[in-house]
Amino acid sequence: EFEKGVPKDWTYVNLLELADITYGYAFDSSKFNTEGIGKKIIRIRNIPISRSSDYTDEVPHDKYLIQTGDFLVGMDGDFHMNRWFDEESYLVQRSCRIKSKLNIHSAYIRQAIKAPIHFFQSTILGATVGHLGAKHLNSIEILIPNSEHESLFLELNRLDELILNLELQNRKLEVMRDSLLPRLISGKLSVENLDIHFPPSMQEQ
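Each chain has its residues counted from 1, following the order in which its sequence is written. Given that the model is predicted, a residue must reach a pLDDT of at least 70 before its local features are reported, and side-chain atom pairs must reach 80 or more before they are shown or counted; all residues, however, enter totals for whole chains, interfaces and linings. Derived side-chain values reflect all non-hydrogen atoms in the structure, with water molecules and hydrogen atoms excluded from consideration.

## Considerations on the packing of aromatic side chains
Part 1 of the reasoning: A pair of Phe, Tyr and Trp rings is counted when the ring centres sit within 6.5 Å of each other, with Trp represented by its six-membered ring. The angle between the planes then sorts it: under 30 degrees is stacked, over 60 is edge-to-face, the rest tilted. Evaluated as defined, the whole model comprises 6 aromatic pairs.
Part 2 of the reasoning: Seen in terms of ring centroids, Tyr25 and Phe27 are 4.8 Å apart; in terms of plane orientation they differ by 80°. Their pairing is edge-to-face.
Part 3 of the reasoning: Linked through ring pairs, Tyr25, Phe27, Phe32, Tyr64 and Tyr90 together constitute an aromatic cluster.

Set out below in structure tokens:
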């Protein structure tokens, strides 16, 4: 049942009441490196691929640490949104983390904020690139179902966790593949004695 285009008993709640927003730290870029010195950093360009090969030995407050599974938003150019699948890393300025205050809302909020941010992407105009600011994020209103739909929140969280686990497993397999392929190609790793069983479709007739 709807009232004024909104499901009955659902309410709009400001994003700041539902989630904590952490903005990235203004690191000294001269200390960035690709030699693995220090801890990984997350810049805007890292958000779409959710991995980084850049590091810094600068040590800011722990509040800038991003954990695996956190939801990130880039705030310049294309406002990319993605969960972080790489290891614990520091968040660099012009990006932010949005984290639900209550775990039950975690997956729902990640989905619900995509439409408002896409709207800002299409309406914010700048001389060269768009800039998403705190004033934009602070204005977002999220439509929250009533308590009768708690089971749907839990199911959405379960599916969200499955996606996270599958992605992490895929990345482990990528590491194994990348370490094995050179050895297979070079012949250092022999497959002669492996008992390989081909499916019927691949067997000789």
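Still more to cover.
## Describing unusual backbone geometry
Part 1 of the reasoning: Positive phi, close to 55°, is recorded for Ser50, a residue that is not glycine.
Part 2 of the reasoning: The way it works is that DSSP assigns letters per residue, a run of H or I at least four long becomes a helix, a run of E at least two long becomes a strand, and they are numbered from the N terminus. Note on placement: Ser50 falls in the loop between β6 (39–42) and β7 (55–56).
Part 3 of the reasoning: The backbone phi angle of Arg94 is positive, close to 70°, even though this residue is not glycine.
Part 4 of the reasoning: Secondary-structure assignment places Arg94 in the loop between β11 (89–91) and β12 (95–100).
Part 5 of the reasoning: Exposure is judged per residue with a 1.4 Å probe applied to protein chains only, and the accessible area is read against the type maximum: over 50% gives exposed, under 20% gives buried, and values in between give partly exposed. Among the residues examined, Arg94 registers a relative accessible area of 30% and is labelled partly exposed.

## Comments concerning the side chain of Lys40
Part 1 of the reasoning: Within the secondary structure, Lys40 is located in strand β6.
Part 2 of the reasoning: Under the relative-accessibility criterion, Lys40 is labelled buried at 10%.
Part 3 of the reasoning: Pairs of N or O atoms are called polar contacts if they sit within 3.5 Å, as long as, within protein, a hydrogen donor faces a hydrogen acceptor (for residues adjacent in sequence, only side-chain-to-side-chain pairs). In terms of polar contacts, Lys40 uses its side chain to reach the side chain of Asp86, at 3.0 Å.
Part 4 of the reasoning: The residues contacting Lys40, other than those within four sequence positions of it, are Ser52, Asp54, Tyr55, Asp86, Glu87, Glu88, Ser89 and Tyr90. In what follows, residue pairs with any heavy atoms lying within 4.5 Å of each other are defined as contacts.

## Quick word on the nonpolar core
Side chains of a nonpolar character, in soluble globular proteins, are inclined to be buried together.
Part 1 of the reasoning: Ranked by internal contacts, the top residues of the largest apolar core, which has 26 residues, are Leu15, Ile98 and Leu137.
Part 2 of the reasoning: Elements with a minimum of two residues in this core: α1 (15–18), β4 (19–23), β9 (71–74), β12, α2 (106–112), α3 (114–123) and β13 (141–144).
Part 3 of the reasoning: Of all the elements, β13 adds the most residues to this core, at 3 residues.
Part 4 of the reasoning: If we ignore the near neighbours within four places in the chain, the residues touching Leu137 are Leu15, Ile21, Tyr23, Met75, Cys96, Ile98, Ile117 and Leu132.
Part 5 of the reasoning: Residues belong to a common nonpolar core when they are buried Ala, Val, Leu, Ile, Met, Phe, Trp, Tyr or Cys residues joined through side-chain atoms within 4.5 Å. Among the nonpolar cores identified, the runner-up in size contains 7 residues, and Phe27, Phe32, Ile41 and Leu65 belong to it.

## What about a nonpolar patch on the surface?
Part 1 of the reasoning: On the surface, a cluster of nonpolar side chains totalling about 1,100 Å² of accessible area is made up of Leu173, Met176, Leu180, Leu181, Leu184, Ile185, Val191, Leu194, Ile196, Phe198 and Met202.
Part 2 of the reasoning: Tracing the backbone through its elements, the reader meets Leu194 in the segment after α5 (150–186). Patch membership requires over 30% relative accessible area and the absence of a salt bridge. Like charges are linked within 9 Å, and nonpolar side chains (Val, Leu, Ile, Met, Phe, Trp, Tyr) within 5 Å. Residue-level accessible areas treat just the shown protein chains as cover; the underlying method is Shrake-Rupley with a 1.4 Å probe. By definition here, a salt bridge exists when the distance from a side-chain nitrogen of Lys or Arg to a carboxyl oxygen of Asp or Glu is within 4 Å.

## With respect to the pairing of β6
Consecutive residues of a regular strand have side chains that alternate between opposite faces of the sheet.
Part 1 of the reasoning: Bridge analysis of β6 against β7 gives 2 bridges, and the strand direction is antiparallel. Across the sheet, the residue bridging to Lys40 is Tyr55, located in β7.
Part 2 of the reasoning: Pairing analysis gives 2 bridges linking β6 to β11, with the strands arranged parallel. Bridge pairing in β11 links Ile41 to Tyr90. For two strands to count as paired, DSSP must find a minimum of two bridges between them.

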